[in-house]
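Here is what each chain is made of, one letter per residue.
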Amino acid sequence: MLFVGDDWAQDHHDVELMDAAGRRLSKARLPEGVAGIERLHAMIGAELGEDSKAEVVIGIETDRGPWVQALIAAGYTVYAVNPLQASRYRERLAVSGAKSDAADAHMLADMVRTDSHQLRPVSGDTADAEAVKVVTRIHKTLIWERTRTMQRLRHALLDYFPAALDAPDVLELLAKAPDPAAAAKLTTTQISAALKHARRRNIADKATRIQAVLRAKHLGQPAAVTAAYADSVRALVALLVTLNEQVNFLHGQVEDYFGRHSDAEIIRSQPGLGPILSARVLAEFGDDPHRYASAKARKNYAGTSPITRASGRKKVVTARYVRNDRLIDALIAQAFSALRVSAGARAYYEKQRARGIEFNAALRQLANRLVGILHGCLKAGTPYDETTAWSQRAHALAA
């Protein structure tokens, strides 16, 4: 076997080749791209020979990108080492805290040589699953960014124009009148037109109320400060308009890409999963059928299963906090929605609450149970069935 450590940066890779005894065979700094991959193949070929059947094992601190895909396509076994794991392993080799790119390449090669049985190889997800991941992640990222922008807008208005927050739907008018003086001059016709464009209801009543709020007396800032805030708000409103447009566009793309996947029907059948949440669950779990050896392994990756710390007479069970935040966000949302559509999920949740478990913990336990059900459905290749999913639980409760 040949072991390769790859410490990557944006424009280059420091690599080291190591044999089974831990001896350094060669090392180099390679450029990112085709030229770098070709040189790496040449280095490996020089050590193994053209007809060698030896396995090449590579450790690198990422699981995505063209470089990683090229390594997998070449037939190498690639381990995506978590940076936290790499940092802890580095301390085994140098307690002084010394660090360099070349030393990290050596550390990664040695790590996959000695501890590859403890690491997870890069999953073999299909191109369809990768495509779903790309669109779902940017869709969720833009939603988070929209929320942040809304909060920035709200805080700006509190600082110079709080009356705008007291009027329902007034944010639709901020692009046209971002300062108190301009807002006070708005007519009911102008306000009604903006409300109609925003597809609001009871337009006449709302227009009258909004105009009254905007024309009322209120505390303000000096003219120069107000003008500066108005320019800031105008920019934030324009950004929100663009974000809304792109979130809506990507919503359709997420549904489209997810609908093409072979597991879409099974995942979509799970309780509490609509088309968007289903796509996020598929994207973050991946579709490699060999990635999760058991339902427990899937739960551990999801971050829904608890962890136990036991030492002597002390034993503590806590939630996992090192986890995939995007995945746990989708799974908790699924669990909450499942309470309304699944009698089995509701009964399981109520049992946890009856034991004195708080809302968040009970919801997390329900999410953990639903992950196990999903694993079983994917393994069997069958859609969700309410009776089958909760029959064992029902029998246990009856006993």
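Our structure's up above, just so we're on the same page.
This is a predicted model, so every value here is computed, not measured.

Chemist: Would you mind showing me how to read the packing of helix α13 (residues 295–302) against helix α16 (residues 359–380) here?
Modeler: Each packed pair of helices is defined by two parameters, the angle between the axes and the distance between the axes. Relative to each other, α13 and α16 sit at 130°, their axes nearing to 9 Å. By the criterion of interaxial angle, the relationship of α13 to α16 is oblique. Crossing geometry of α13 relative to α16 is assigned as right-handed. Residues Ala-295, Arg-298, Lys-299 and Ala-302 of α13 form the contact with α16, whose own contacting residues are Asn-368, Val-371, Gly-372, His-375 and Leu-378. For the contact of α13 with α16, the class distribution of residues is four nonpolar, three polar and two charged.

Chemist: I'm lost on the pattern of salt bridges in this one. Help?
Modeler: Side chains that differ in sign of charge can pair as their charged atoms come close. Evaluated as defined, the whole model comprises 16 salt bridges. In this structure, Arg-23 and Asp-19 form a salt bridge, with 2.7 Å as the shortest nitrogen-oxygen distance. Residue Arg-23 is classed as exposed on the basis of its relative accessible area, which comes to 52%. Among the residues examined, Asp-19 registers a relative accessible area of 13% and is labelled buried. The salt bridge involving Arg-29 is made with Asp-101; its shortest N-O contact spans 3.3 Å. Here Arg-29 is found in strand β3 (residues 24–31), whereas its partner Asp-101 is found in helix α4 (residues 101–115), with 72 residues between them in sequence.

Chemist: I keep staring at helix α3 (residues 83–93) and nothing clicks. Help me out?
Modeler: Owing to its 3.6 residues per turn, the α-helix aligns residues three or four sequence positions apart on the same side. Along α3, the residues classified as buried are Ala-86, Tyr-89 and Arg-90. An end-on view of α3 places all buried positions within 110° of arc, on one side of the element. Buried residues along α3 sit against α4. The backbone nitrogen of Leu-84 has a side-chain oxygen 2.7 Å away, supplied by the residue at the start of α3, namely Asn-82.

Chemist: Help me out: how do you make sense of the sheet that holds strand β5 (residues 77–80) in this one?
Modeler: Whenever strands of a sheet pair, they do so through backbone hydrogen bonds, lying parallel or antiparallel. Spatial ordering of the open sheet is given by β3-β2-β1-β4-β5, a layout of five strands whose pairing is mixed. One side of each edge strand has no neighbouring strand; the edge strands of this open sheet are β3 and β5. Pairwise comparison of adjacent strand axes, ignoring direction, gives a mean angle of 20° for this sheet. In this structure, strand β1 (residues 2–8) lies alongside strand β2 (residues 12–18), joined through six bridges in antiparallel fashion. Counted as the bridge partner of Val-4 is Leu-17 from β2.

Chemist: How should the layout of surface pockets be read in this particular structure?
Modeler: Considering only enclosed or pocket space, the largest pocket measures out at about 1600 Å³ in volume. Forming the walls of the largest pocket are 43 residues, and the residues nearest its centre are Asp-63, Asn-82, Arg-120, Arg-291 and Tyr-301. It is helix α5 (residues 127–160) that contributes the most residues to the lining of the largest pocket, five residues altogether. Among the residues forming the lining of the largest pocket, the class breakdown is 17 nonpolar, eleven polar and 15 charged.

Chemist: What is the right way to read empty space enclosed by the protein from this model?
Modeler: Rolled over the atoms, a probe as big as a water molecule pinpoints where empty space is left. Going through the model one piece at a time under the given rule, you end up with one cavity of 30 Å³ or more. Size it by volume and the largest cavity reaches roughly 50 Å³. Thr-136, Arg-137, Lys-140, Arg-280, Glu-284, Arg-326 and Asp-329 together form the lining of the largest cavity. Contributions of two or more residues to the lining of the largest cavity are made by α5, α12 (275–285) and α14 (325–341). Looking at the lining of the largest cavity, the element that brings in the most residues is α5, giving three residues.

The rules behind these values
Residues numbered from 1 in each chain as written. Predicted model: local features only at pLDDT ≥ 70, side-chain atom pairs only at ≥ 80, totals over all residues. Heavy atoms only, no water. Axes fitted to C-alpha atoms, helices over the stretch in contact; angles between N-to-C directions. Helix = DSSP H or I, 4+ residues; strand = E, 2+ residues; numbered from the N terminus. Parallel < 35°, antiparallel > 145°, perpendicular 65-115°, else oblique. Left-handed = near helix turned anticlockwise from the far one by under 90°. Contact = heavy atoms within 4.5 Å. Nonpolar A, V, L, I, M, F, W, Y, C, P; charged D, E, K, R; others polar. Salt bridge = Lys/Arg side-chain N within 4 Å of Asp/Glu carboxyl O. Buried < 20%, exposed > 50% of the residue type's maximum accessible area, 1.4 Å probe, protein only. Arc of directions from axis to C-beta. Polar contact = N/O pair within 3.5 Å; in protein donor to acceptor, adjacent residues only side chain to side chain. Pairing = 2+ DSSP bridges. 1 Å grid on protein atoms, 1.4 Å probe; cavity = no way out; pocket = protein on both sides within 12 Å on 5 of 7 lines; lining within 4 Å. Points joined across faces, edges and corners; volume = space filled by probe spheres on them.

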